[in-house]
Amino acid sequence: MDLAAAQASRDRASRVADLRESVWSLVATTAGLAVALLVVPGVSVSEPWSVLLVGLIVTVGDALVRPALRLLAARFGPLAALLLGLAAQVLIAWAALVHVPGLHLSHGTDVVPVLVVAAVVMAVGRWLLGLRDNDYVLGDLRRRARRGARRRARAAHRAGAAGSAAPPPDGERGVLVVQLDGLAQGTLEFAVQAGLAPTLTRWLRDGTHRLEPWWAQVPSTTPASQAGLLHGAADRVPAFRWWDRELDRLLVTNHPRDAALLEERLAEAGPGLLAGGGAAVSTMFSGGAATNLLVVSRARRGLGPGATFVEFCSSPFVLARALLLTVGELVKELYQGWQQTARRVEPRVSRLGAYPALRAITNVLLRDLNTSLVAEQMVEGAPVIFVDFVDHDEVAHHAGPLRPESLRSLEGLDRVVGLLEQLGRQTARPYDVVVLSDHGQSLGEPFAKTYGFTLESLVRRLTGTDPWPAPSDDERRGPRRDVATAQARGERGEQWHEVAEALRALSGTARGHDAVGPETGRAAGDRTARADEGPGLATDQELVVAASGNFAGVWVTRADEPLRLSRLVERWPDLVPGLAAHPGVGVVVGRDDDGHPVALGAHGLRHLVTGAVEGEDPTAVYGPRAAADLARAAGLESAADLLVVSSVDDAGLVHPFEGLVGSHGGLGGEQNQAVLVHPAAWEVDDALRAGPADGRRLVGADAVHRQLVAWLGALGLGPGAAVAPADPAEQEPTGERAEGAREGTPS
């Protein structure tokens, strides 16, 4: 078979696939409308064939009005895409229902319940038939991709026949990076064994991809990891929220204003991963992308090009279906939360309040929207696309990382990955797919639930800002109280004195001269600053406590740099020993008089620079990488005066300082065990790995960034492609970007 015949065969197969999907779309639409017309009051049908005609009008009408909607949305933005898409769906359906013979509407408003019921029927029908629900979202995009591929193939064939150079029919390769937020290595391996991730299982089983574990350094949070993954500058983010000494205020990474400020700092590290025409979807930072959709750091400039949202907002029943399934997800969460309480599952937290709505939005509406936006960028031929799906992370925070509902959310994400993989084989620019996570999650009962007060409350009590509560009559009469109860009442046991002795030795003070801890004989926080205390020492309640999972920081807000331990214990004698001795705290990191980080525990300390240990090593329980991670975290710009990590037990259970049962940010459990699933032909540079020979892995998001940049560079993509070509006029858009430019879609 010659090349022309082969191309003709591919064209026929592509057209047959288009026809098949178009017929199926028409059948599904007609079936949904038929049921809706039968059950909605005020609507009557006298001719059965009229239902088929309505379905045809709705399907064709959408295709006809969409180019105009793209132009308008490109001019007026995403909100216009939403409103115009809804209006177009209602008007087309209204016109069909009013003007097609054999149908009668009592009121024009009856069109809305008809659309809603039809969307419900179509969603339920796909579920009963075992079809992938998100597949419906991408139907039109797949057809556009195949049409674009056919046009490109014919152009290449004509160029070849004319004897001119032309790219191969499948075009240059692109890369899609899918971040499954909060997915730990152990959780992925469990999901693979349980049959909940068939796409990823197929990749690993068939050898098309490899699993490369990597270590998410402290702070193991999404902002820090994405700063590393997208910009190679994870060291610019010391926590999820922190006291910024330069700004003299609290900085919160998921606030658009603060994220934009951070992006400016990250840009100093050089071009990002997505430089050179890439696209960022639902990320914290842009990575230097040309197209930014739902990016937090760019939110103040808008959600992204409006035309990009038309596909999702204007497709018949897609938005209605997504909204209905969002409500269904909310109801499901309420039921699952009640079940967890009824079965007395522990540990658990309340799953009421805003969370059910948040889960419904992230697991359905945002997932479908992200899928549509990514697919749109693939059809347009973006060279590199990075998307963050937060479904699993959000559910795991409230239910637990290995609880059934968390694993089911992962199952849904695996289906999305499979759909995007399939689309990537049909677009003019074929895509290699990389799946990674930014961190894992660890299970554990919240600190406040275990001990009756928050870490911030503990700090306020240890500094004398808040009084200690008096013991109850039951506690006075009881024969014994455990350590936690004693600490809750501010009692100073043997462990407290061990820490005080260690601090005394660390500061070089003699007993009875400048004593450390409770034996000073004065209440914490009851003295004012002396004239010789020097600049930057806080004298009132000038402490800020901010938590990221089971990792927290304590900042002295008036200090220009982190205070030494000796200064802290001089000002607040009970603070450091009280924290280190508390059973819910595993390690406290401060700085000695030379500015070197020191890790303190209830029974000893470790000098994080030299590795010298006095007593018991408080970092040992967190694994061999803990000391290096804490030393790095203490050295970051705007790092806290005190870094606090909760205790961890032998099962890897931690105590989050937030009201979550699944957490990440510090150390302990699975929260640092992230994953990188990449095409098997792409070798990982061993020079980027660290650790012993039997456990070498990529350490830190910056190392993953460097590896991704190297892979992209080998394909002629990424930051290296950000340099403008010598003659831009000679560069032709890939895929539908040329058409998108004509329609107002950014390229």
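Residues numbered from 1 in each chain as written. Predicted model: local features only at pLDDT ≥ 70, side-chain atom pairs only at ≥ 80, totals over all residues. Heavy atoms only, no water.

Draft legend 1. View of unusual backbone geometry. Omega for the bond connecting valine 218 with proline 219 falls within 30 degrees of zero, at 0 degrees, which places this linkage in the cis form. Considering the arrangement of structural elements, one finds proline 219 in the loop between β4 (209-215) and α8 (222-231). Proline 347 follows glutamate 346 through a cis peptide bond whose omega is -10 degrees. Relative to the assigned elements, proline 347 resides in the loop between α11 (318-342) and α12 (355-380). Non-glycine residue serine 638 carries a positive phi angle of around 70 degrees. For serine 638, the location among the structural elements is in the loop between α22 (626-634) and β18 (642-646). (Helix = DSSP H or I, 4+ residues; strand = E, 2+ residues; numbered from the N terminus.)

Draft legend 2. Seen up close, the pattern of salt bridges. Using the criterion set out here, one finds 28 salt bridges in the structure. Residue aspartate 244 pairs with arginine 265 through a salt bridge whose shortest N-O separation is 2.9 Å. Of this pair, aspartate 244 sits in strand β5 (residues 241-244) while arginine 265 sits in helix α9 (residues 256-267), and the two are 21 residues apart along the sequence. With respect to class, aspartate 244 is no different from arginine 265; both count as buried. Close ionic contact of arginine 351 with glutamate 333 constitutes a salt bridge, the shortest N to O distance being 2.8 Å. Linking arginine 351 in the loop between α11 and α12 with glutamate 333 in helix α11, this pair joins segments that are 18 residues apart in sequence. Put simply, Glu329, Lys332, Glu333, Arg351, Arg359 and Glu405 are held in one network by salt bridges that share partners. (Salt bridge = Lys/Arg side-chain N within 4 Å of Asp/Glu carboxyl O. Buried < 20%, exposed > 50% of the residue type's maximum accessible area, 1.4 Å probe, protein only.)

Draft legend 3. How the structure looks around helix α13 (residues 391-399). Here α13 lies mainly inside the structure; 9 of its 9 residues are buried. Immediately beyond the C-terminal end of α13, within one or two residues, lies glycine 400, with a positive phi of roughly 110 degrees.

Draft legend 4. A look at the sheet that holds strand β21 (residues 689-690). Taken in spatial order, the 9 strands make up an open sheet running β8-β7-β9-β3-β10-β20-β4-β22-β21, and their pairing is mixed. The strands lining the two open edges of the sheet, one partner per strand, are β8 (291-293) and β21. Each of β3 (174-180), β7 (279-281), β8, β9 (384-389) and β10 (431-436) touches α12; the most contacted strand, β9, lies at about 175 degrees to it. Those strands touched by helix α14 (residues 404-424) are β3, β9 and β10, and its axis lies near 175 degrees from that of β3. (Pairing = 2+ DSSP bridges. Contact = heavy atoms within 4.5 Å. Axes fitted to C-alpha atoms, helices over the stretch in contact; angles between N-to-C directions.)

Draft legend 5. Region of interest: the environment of leucine 458. In this fold, leucine 458 is placed in helix α16 (residues 455-462). Remark: the alpha-carbon pair of leucine 458 and glycine 578, spanning 120 residues in sequence, is separated by 8.7 Å. Apart from the residues lying within four places of it in its own chain, the contact partners of leucine 458 are Phe447, Phe453, Trp468, Leu579 and His582.

Draft legend 6. Quick peek at the packing of aromatic side chains. Across all of its chains, the model carries 5 aromatic pairs by this definition. Judged by centre distance (5.0 Å) and plane angle (50 degrees), the ring pair of phenylalanine 447 and tyrosine 451 falls under tilted. With a gap of 4 residues between them, phenylalanine 447 and tyrosine 451 both fall in helix α15 (residues 447-451), about one helical turn apart. Members of the aromatic cluster, connected to one another through ring pairs, are Phe447, Tyr451, Phe453 and Phe657. (Phe/Tyr/Trp six-rings, centres within 6.5 Å; stacked < 30°, edge-to-face > 60°.)

Draft legend 7. Here's a closer look at the side chain of threonine 463. Summarising the element assignment, threonine 463 is placed in the loop between α16 and α17 (473-477). Threonine 463 sits in the buried class, given a relative accessible area of 4%. Polar side-chain contacts of threonine 463 include one of 2.9 Å to the backbone oxygen of valine 459. Polar side-chain contacts of threonine 463 include one of 3.2 Å to the backbone oxygen of arginine 460. (Polar contact = N/O pair within 3.5 Å; in protein donor to acceptor, adjacent residues only side chain to side chain.)

Draft legend 8. Focus on the packing of α12 against α14. Where α12 contacts α14, the axes come no closer than 11 Å and their chain directions differ by 15 degrees. Here α12 lies roughly parallel to α14, going by the angle between them. In this structure, α12 meets α14 at a crossing whose hand is right-handed. Here Arg359, Asn363, Arg367, Thr371, Val374, Ala375 and Met378 of α12 lie close against α14, whose contacting residues are Glu405, Ser409, Gly412, Leu413, Val416, Leu420, Leu423 and Gly424. Of the residues in the contact of α12 with α14, the class split is 7 nonpolar, 5 polar and 3 charged. (Parallel < 35°, antiparallel > 145°, perpendicular 65-115°, else oblique. Left-handed = near helix turned anticlockwise from the far one by under 90°. Nonpolar A, V, L, I, M, F, W, Y, C, P; charged D, E, K, R; others polar.)

Draft legend 9. Broad picture of the nonpolar core. Formed by 38 residues in total, the largest nonpolar core has its most connected members in Leu176, Val178, Leu180, Val374, Met378, Ile385 and Val435. Residue contributions to this core peak at 7 residues, all from α14. Excluding residues that lie within four positions of it along the chain, leucine 176 makes contacts with Val374, Met378, Ile385, Val387, Leu420, Tyr431, Asp432, Val433 and Val434. (Core = buried A, V, L, I, M, F, W, Y, C linked by side-chain atoms within 4.5 Å.)

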